[in-house]
Amino acid sequence: MSRVEQVKAKERDAVKPAKSAGPQALPLWPGVIRYYWDFLPVERKECIVTLHEGNTPLLRCRNLERAVDPDLSLYLKLEGLNPTCSFKDRGMTVAMSKAVEDGSRAVICASTGNTSASAAAYAARAGLRAYVVVPQGNISLGKLSQAMIHGAKVIEVEGNFDVALKLVREAARQFPITLVNSLNPYRIEGQKTAAFEICDHLGKAPDYHFLPVGNAGNITAYWKGYKEYLDIGRLSSLPKMMGFQAAGAAPIVLGRVIEKPETIATAIRIGNPASWQGALAARDESGGAIESVTDDDILAAYKLLADSEGILAEPASAISVAGVIKKQKEGIFRAGDVVVCTLTGHGLKDPDIAIRQSAQPIRIPPDLNRLKEFFERESVR
Ligand code: F0G
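My aim in this report is to walk through the structure given alongside it, one point at a time.

1. Some points on the overall build of the protein
Piece 1. On a plain count of helices and strands, the protein comes out with 16 helices and ten strands.
Piece 2. Here the C-alpha atoms of the protein give a radius of gyration of 22 Å, agreeing with the 21 Å that 2.2 N^0.38 yields for 381 residues.
Piece 3. The principal-axis extents of the C-alpha atoms in the protein amount to approximately 70 × 55 × 45 Å.
Piece 4. Out of the 381 residues in the protein, the part that is buried amounts to 50%.
Piece 5. When contacts within the protein are restricted to residue pairs at least 6 apart in sequence, those whose partners lie at least 24 apart make up 71%.

This is the structure we're talking about:
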């Protein structure tokens, strides 16, 4: 066997231990409910609404380690690779399945975009009606287009997310519509499976877990997941939970409601998070922190991810990497620490930002000489 063949055979044996003459059995990932069913409240199999969300890559990032701190083991949890391209699908499969189990006909949510996209898609799959209330002018086009094409009734409100959330909470009280924001406890149940996956992939909990904080459901959910794994003896330690908010939308950091939150990261443009207490508990029980970084820090991390690792995450997601950079400068890490950042949503949700942060395309006539001139300027020979 040649050297190349030997390497290939070794890799193949590592990922596919079972050999057979015909096609290899490649198990179908069943989605988070069936895989982690013992931990989830759904009771009836026929009510499961799934797009086979979950099992997202946990990517080791050597280039980022070199750029940020070569002594860290840095992993990204790519939640933008869920079916509607954000982490919301984990919670939505459980919330929607329970809505079906409970005989609901319609769901409603307020959203900065991703929840509405996920709710619309899962409602379409379940045959339920979806109503989504979004802040007018402050939701990225990708997210809005998802909600619309999946047939949700989109209601744009003149106000921010906090205003929209207040409205839908009241609507869900007055009409027979199921609220599928993360105030719905089934959303948190589903989202905690991301923590299970990280531990199942690493074989232990990370030392630090960095993630964005908006309405604060996700940090609450991860912490619940880690604690449940500890309680059943699958872990011997817990991570420090490191939540990050944008400086212009940092109510938890400042300890007060922000009436007019502002940030380029529209996903986390929230001034009065519903799961505020859950975020504080995650921070305090884990010995972690909830801090803020500026929009410039967010964009620098966004660009670094794209340039150095080939990962396009939305700005709200890049804040977790901006957080690692901030804390590295403060010197909190020890050599060998395992750090996981959740990248909550895909960068294609907001292509305008990608285009604004990049060199613009070069235009030429269809003439080979002009292309040659270009490559000469580039010094490609
Ligand atoms: N990252 C992205 C991409 C998000 O869309 C959100 C929240 C967060 C982070 C923060 O998560 O709210 O659990 O603290 N998006 C919500 C929405 C508010 O409506 O899509 P959180």
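Further notes follow.
2. Here we look at the nonpolar core
Piece 1. With 102 residues, the main nonpolar core has Val107, Ala119, Ala123, Val132 and Ile319 as its most contacted residues.
Piece 2. For alanine 119, the contacting residues outside a window of four places in its chain are Met92, Val107, Cys109, Ala130, Val132, Ala152 and Val180.

3. Things to note about the sheet that holds strand 2 (residues 73-78)
Strand pairing in a sheet takes place through backbone hydrogen bonds and is either antiparallel or parallel in direction.
Piece 1. Overall, mixed pairing links the six strands, which are arranged 1-2-10-7-8-9 in an open sheet. The strands lining the two open edges of the sheet, one partner per strand, are strand 1 (58-60) and strand 9 (289-293). Neighbour to neighbour, the strand axes of the sheet diverge by 25° on average, direction disregarded.
Piece 2. Sheet topology note: the strand 7 (residues 208-212)/strand 10 (residues 338-343) ladder contains three bridges and is parallel. Bridging from a neighbouring strand, tyrosine 208 pairs with valine 339 of strand 10.
Piece 3. Against the sheet, helix 12 (residues 276-286) contacts strand 8 (240-246) and strand 9, and its axis sits at roughly 140° relative to strand 8.

4. Quick look at the pairing of strand 8
Piece 1. Within strand 8, seven of the seven residues are buried, which leaves the element mostly enclosed by the surrounding structure.
Piece 2. Residues Lys240, Met242, Phe244 and Ala246 point to one face of strand 8 and Met241, Gly243 and Gln245 to the other, with burial holding for every one of them.
Piece 3. The pairing of strand 7 with strand 8 spans five bridges and is classified as parallel. If you follow histidine 209 over to strand 8, its bridge partner there is methionine 241.
Piece 4. Crossover handedness for the path strand 7 to helix 10 (residues 217-231) to strand 8: right-handed.
Piece 5. Note: strand 8 against strand 9, five bridges, orientation parallel. Bridge pairing in strand 9 links alanine 246 to valine 293.

5. Some thoughts on unusual backbone geometry
Piece 1. The phi dihedral of asparagine 55 falls on the positive side, at around 55°, and the residue is not glycine.
Piece 2. One can find asparagine 55 in the loop between helix 2 (32-35) and strand 1.
Piece 3. Of note in the backbone geometry, cysteine 85 takes a positive phi value of approximately 75° without being a glycine.
Piece 4. Mapped onto the secondary structure, cysteine 85 falls in the loop between strand 2 and helix 4 (88-101).

6. Some points on helix 13 (residues 295-309)
Piece 1. In this model helix 13 runs 21 Å from its N-terminal to its C-terminal C-alpha over 15 residues, within 8% of the 21 Å that 1.5 Å per residue would give.
Piece 2. If you check which residues of helix 13 are buried, you get Asp297, Ile298, Ala301, Tyr302 and Leu305. Along helix 13, the residues classed as buried sweep out an arc of 140° about the axis, all on the same side. Exposed and oriented more than 90 degrees from the buried face of helix 13 are Asp296 and Asp307.
Piece 3. Where helix 13 ends, the next residue or the one after it, glycine 310, has phi of about 70°, a positive value.

7. Describing the site of the ligand
Piece 1. If you check the shell around the ligand, you find 21 residues, and the closest are Ser111, Gly214, Asn215, Thr344 and Gly345.
Piece 2. Those elements giving two or more residues to the shell around the ligand turn out to be helix 5 (114-126), helix 10 and helix 14 (315-329).

8. Some points on helix 4
Piece 1. In this model, helix 4 (14 residues) spans 20 Å end to end at C-alpha, consistent with the 20 Å of a helix rising 1.5 Å per residue.
Piece 2. Across the 14 residues of helix 4, 13 count as buried, placing the element largely inside the fold.
Piece 3. Trailing helix 4 by a residue or two, glycine 103 shows a phi angle of about 80°, which is positive.

9. Notes on the packing of helix 4 against helix 5
Piece 1. One can describe the packing of helix 4 onto helix 5 by two numbers: an axis separation of 9 Å at closest approach and a directional angle of 40°. By the angle between their directions, the pair helix 4 and helix 5 is classed as oblique. Taken as a pair, helix 4 and helix 5 cross one another with a handedness that is right-handed. For the pair formed by helix 4 and helix 5, the contact residues are Lys88, Asp89, Met92, Thr93, Met96 and Val100 on the first element and Asn114, Thr115, Ser118, Ala119, Tyr122, Ala123 and Ala126 on the second.
Piece 2. Grouping the constituent residues of the contact of helix 4 with helix 5 by class yields seven nonpolar, four polar and two charged.

10. What to know about the sheet that holds strand 5 (residues 153-157)
Piece 1. An order of 5-4-3-6 is seen for the four strands of this open sheet, with the pairing classed as parallel. Edge strands, defined here as strands with exactly one partner in the open sheet, are strand 5 and strand 6 (178-179).
Piece 2. Pairing of strand 3 (residues 106-110) with strand 6, which is carried by two bridges, proceeds in the parallel orientation. Bridge pairing links valine 107 to threonine 178 in strand 6.

11. Quick notes on the environment of serine 308
Piece 1. Mapped onto the fold, serine 308 is located in helix 13.
Piece 2. Expressed as a C-alpha distance, the spacing of serine 308 and asparagine 55, which sit 253 residues apart in the sequence, is 24 Å.
Piece 3. Those residues within four positions of serine 308 in sequence are excluded, and the remaining contacts are Asn63, Leu64 and Ala67.

Definitions and limits used
- Residues numbered from 1 in each chain as written.
- Predicted model: local features only at pLDDT ≥ 70, side-chain atom pairs only at ≥ 80, totals over all residues.
- Helix = DSSP H or I, 4+ residues; strand = E, 2+ residues; numbered from the N terminus.
- Rg over C-alpha atoms; globule rule 2.2 N^0.38 Å.
- Buried ≥ 20, exposed ≤ 12 C-beta atoms within 10 Å, placed from the backbone.
- Contact = placed C-beta atoms within 7 Å.
- Core = buried A, V, L, I, M, F, W, Y, C linked by C-beta atoms within 7 Å.
- Pairing = 2+ DSSP bridges.
- Axes fitted to C-alpha atoms, helices over the stretch in contact; angles between N-to-C directions.
- Right-handed = clockwise from strand over helix to strand, strands pointing away.
- Expected span 1.5 Å × (residues − 1).
- Arc of directions from axis to C-beta.
- Near = placed C-beta within 6 Å.
- Parallel < 35°, antiparallel > 145°, perpendicular 65-115°, else oblique.
- Left-handed = near helix turned anticlockwise from the far one by under 90°.
- Nonpolar A, V, L, I, M, F, W, Y, C, P; charged D, E, K, R; others polar.

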